[in-house]
Structure formats: structure tokens, C-alpha cells
Amino acid sequence: AAPHDAEIRKDVQTYYGQVLKKSADLKTNACVTTARPVPKHIREALQNVHEEVALRYYGCGLVIPEHLENCWILDLGSGAGRDCYVLSQLVGEKGHVTGLDMTKGQVEVAEKYLDYHMEKYGFQASNVTFIHGYIEKLGEAGIKNESYDIVVSNCVINLVPDKQQVLQEAYQVLKHGGELYFSDVYTSLELPEEIRTHKVLWGECLGGALYWKELAILAQKIGFCPPRLVTANLITIQNKELERVIGDCRFVSATFRLFKCSKTGPTKRCQVIYNGGITGHEKELKFDANFTFKEGEIVEVDEETAAILKNSRFAQDFLIRPIGEKLPTSGGCSALELKDVITDPFKLAEESDSMKSRCVPDAAGGCCGTKKSC
């Protein structure tokens, strides 16, 4: 690593290994927001995680995609292991979860509770492995190419100076049709030097945030399909000194899906029907901010979306046909105009905030199912 990169890595290790002891120690909400309702089966899985592991959670979203049974998943920057232990329940005994983190103290906390969670879930053997290593050097950590169905990351890629290298490594270890599903922090403009060199802002996931338009450029360069925006939440800075440093820069925590494109797939717009039945999404699958699939309903999709559905782990969950070919259905029909596609996380976050301000809080005090995690 370059001297500057090595210094940043050391500062981040100190911040997460020594300065932060629990999520309440964070100075911004960059790492404690989730932007959509959490399905019941995931809420139950979260409740099974040991208290010490949960307290040391510093993520900025819920990085738990759909259709996880029997999958092999790699968590980049797994910290104390909260997401790994939730995912290990959802993949089941035939699946496996690997957590990788550069902070030894975090890995030690995670490993301490391997037996606890195995017994809690009633598994014969643990299906989780934790590795001390660097997310931009997966080969050195012993991670093999094309060995994982899904790679997840929760508010960690921003902590690494070389974002392209991290995405490249993730691409290499994914199987064809595999997915990088990750939450991270993005900025509304290119960050000035004062922010990029501020130690606390780096630790708080802001100093290393990527300008949001850069993600699509990096994804294309590496070979991923274009990024699919899932959720977004505006970040508030609850610290006067940090507000002064940040100035006009705005930040958002957003979840994106990046699929490892297959060379084959539909080359025309298609009609698809969701067969239903995915755990926690039996009747409706919110695939991203632009596509929601209801069981039995015909939805018109672009070539890219059709290719992803056909060549990923979702292939068995959909009936896919070229436009014009008759599809069996008992539901309605919906089409998406290309102009309606949202790719800007700030636009999505602002729309979500606008909806929240218009809706009436429910009996639990929440609003339209949105809540902050702890």
C-alpha cells in the first residue's frame, strides 16, 4: 500500500478497534440507518444474535438480499459478525458464510461466539468462518476465485482508499451470475482534500465516501452489470465541528446490487412473471427501487433486468418470455417506462423522506415501516 493508504488503514483499525466500543459511540447516523421494512424472518434472525455482537454493529444498511438458501456468502468487513450470524441462519446448514475483517479485535469478538450461535440455531456444525485480512486483497486471505454466490458489504468499502481494487476482488471471487449486494456511503460531489484527510470523518464513513456517479463507471470498467439502486437514506451530521468541515457536501447511505454479468442472455425487452415463494417475499419481491414483482403479475422489463433474472440465482423464480409471446397469468400487467428509472440515491432518499413526512405514524410509532436500527 502507498504510504497515504497505509496510514488511512492504520487510522481506521484504531478507530474501530479502540475508539469505538459500541454503535452509540458514532458521531453521525451514517452507520445506523435502514431504509425499508425488515421482513419477519430477518427480524427473528436478528434477535438470535448474541448481545455483544449486536452492540458492536456499525453498518449503514441491512445487507441481506433475497433467496439465500444453500448459498455461499462472503461478508467484506464483517466486524464483530452480526450480519454473518444473521446470514448463517438464512443460508442454512448446507450454505456457508465467510466473514473477513482487517481489525483483529473485531474478528476475535466474532469468533468467540461461533459455538453459541451454532447451538442457538440447532446446527450440527458451524457454517461460519472468520478471517483476518484485507478486503482489497482477497487472494492473500485465501479466498478462491469464483467460489461465492453472493458478496455482501455493510458500510466498509468507503473505508478503503482503492475502491476499484475492492470491487475487482469481489468480482473475481463471485461465480458467474453472482451478486455483490452492499450498503455504503456516497457523496453529492467530489470531496475536497480537507474532508478526504480528516481522520474522524474517515472513521465515520464520510471521508472516503465515493461520488455516487463514480460507482457506475467503476462497475462498467470491471465487468459488472450497471448498478441497481435498492434503498437510500440521507445522512445527518450531529456534530457542529464536523458540519463546519463538511460545508456544502451532502452524504447518503445507499444499498446497491451489482451482478456479475453473463455473456449470454435476452437481448430484447421481455415480460416476466414472478412465481412467488421466496422466503419472506412470498407474494411480492421488491427487487430494487425500480422493480417490484408481484406473484403472478406480468411485468415488462429491459434487456439487462431480463438477463440478470435469467442468469442469476433468481432464474427458477421467474417465467421469462420475449414481448409479444403469451404468458400464463392470473394477475394484472405493469410496464416500466425508461424515464422512470431512478439511479440517483439522493433523488431516491429525498422521495423517501417526502413520503415519510406525508404518512401517519403507525401504532408502534414508526412511519410506513421505516425505522432506525440500533
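Residues numbered from 1 in each chain as written. Predicted model: local features only at pLDDT ≥ 70, side-chain atom pairs only at ≥ 80, totals over all residues. Heavy atoms only, no water.

Undergrad: Can you help me understand the overall build of the chain in this one?
TA: Helix and strand counts for the chain stand at 13 helices and 16 strands. Classification of the 374 residues of the chain by burial places 53% in the buried group. Looking at the chain alone, contacts between residues at least 24 apart form 79% of all its contacts between residues at least 6 apart. A total of about 17,000 Å² of accessible surface is found on the chain, and carbon and sulfur atoms cover 50% of it. (Helix = DSSP H or I, 4+ residues; strand = E, 2+ residues; numbered from the N terminus. Buried < 20%, exposed > 50% of the residue type's maximum accessible area, 1.4 Å probe, protein only. Contact = heavy atoms within 4.5 Å. Areas by Shrake-Rupley, 256 points an atom, 1.4 Å probe, with all protein chains shown as cover.)

Undergrad: For this particular structure, what's the right way to read helix H12 (residues 303-311)?
TA: Each turn of an α-helix holds 3.6 residues, which means side chains three or four residues apart point in the same direction. Taken residue by residue, H12 has Thr305, Ala306, Ala307, Ile308 and Leu309 as its buried positions. Next to the buried residues of H12 lie strand E8 (228-234), strand E9 (251-259), strand E10 (270-274), strand E12 (292-294), strand E13 (298-301) and strand E14 (318-322). Regarding H12, its N-cap is aspartate 302, as a side-chain oxygen of that residue lies 3.1 Å from the backbone nitrogen of glutamate 304 further along. (Polar contact = N/O pair within 3.5 Å; in protein donor to acceptor, adjacent residues only side chain to side chain.)

Undergrad: Can you help me understand the pattern of salt bridges in this one?
TA: A side chain of one charge can pair with a side chain of the opposite charge when the charged atoms of the two come close. Tallied over the entire structure, the rule returns 14 salt bridges. Salt-bridge contacts for glutamate 52 lead to arginine 56; the nearest nitrogen and oxygen are separated by 3.8 Å. In this structure, arginine 313 and glutamate 179 form a salt bridge, with 2.9 Å as the shortest nitrogen-oxygen distance. Taken together, the residues span a long stretch of sequence, with arginine 313 in the loop between H12 and E14 and glutamate 179 in strand E6 (residues 174-187) at a distance of 134 residues. A residue is classified by how much of its surface remains accessible, and arginine 313, at 16% relative accessible area, is buried. Under the relative-accessibility criterion, glutamate 179 is labelled buried at 0%. In this structure, a network of salt bridges that share partners links the residues Glu66, Glu179, Arg257 and Arg313. (Salt bridge = Lys/Arg side-chain N within 4 Å of Asp/Glu carboxyl O.)

Undergrad: What is the right way to read the packing of aromatic side chains from this model?
TA: Aromatic ring pairs are defined here through the distance separating the ring centres and the angle between the ring planes. All told, the structure shown has 12 aromatic pairs when counted by the stated rule. Between the aromatic rings of phenylalanine 287 and phenylalanine 314, the centroid separation amounts to 5.3 Å while the plane-to-plane angle is 80°, which identifies the pairing as edge-to-face. One end of the pair, phenylalanine 287, is in the loop between strand E11 (284-286) and E12; the other, phenylalanine 314, is in the loop between H12 and E14, and 27 residues separate them in sequence. For the residue pair phenylalanine 287 and phenylalanine 314, the accessibility class agrees, reading buried in each case. Grouped by ring-pair contacts, the aromatic residues Phe259, Tyr274, Phe287, Phe291, Phe293, Phe314 and Phe318 constitute a single cluster. Above the ring of phenylalanine 287, the side-chain terminus of arginine 257 is found at 4.5 Å from the ring centroid. (Phe/Tyr/Trp six-rings, centres within 6.5 Å; stacked < 30°, edge-to-face > 60°. Lys NZ or Arg CZ within 6 Å of the ring centre and 35° of its normal.)

Undergrad: What should I look at first to understand the nonpolar core in this one?
TA: The biggest cluster of nonpolar side chains holds 39 residues, and the ones touching the most others in it are Leu167, Leu180, Tyr186 and Phe224. Beyond its immediate chain neighbours, meaning those up to four positions away, leucine 167 contacts Ile157, Leu180, Leu215, Leu218, Ile222, Phe224 and Leu258. Formed by 32 residues, the second largest nonpolar core is a distinct cluster that contains Ala45, Ala80, Tyr113 and Tyr121. (Core = buried A, V, L, I, M, F, W, Y, C linked by side-chain atoms within 4.5 Å.)

Undergrad: Sorry, what's going on with the confidence of the model for the chain here?
TA: Residues of the chain with pLDDT of at least 70 account for 80%, and the chain-wide mean is 85. The low-confidence segment residues 20-25, where pLDDT is below 50, has 13 contacts with residues more than four positions distant or belonging to other chains. Predicted confidence is poor over residues 360-374, with pLDDT under 50, and the contacts of this stretch with residues over four places away or in other chains come to 22 contacts. (pLDDT = per-residue confidence, 0-100.)

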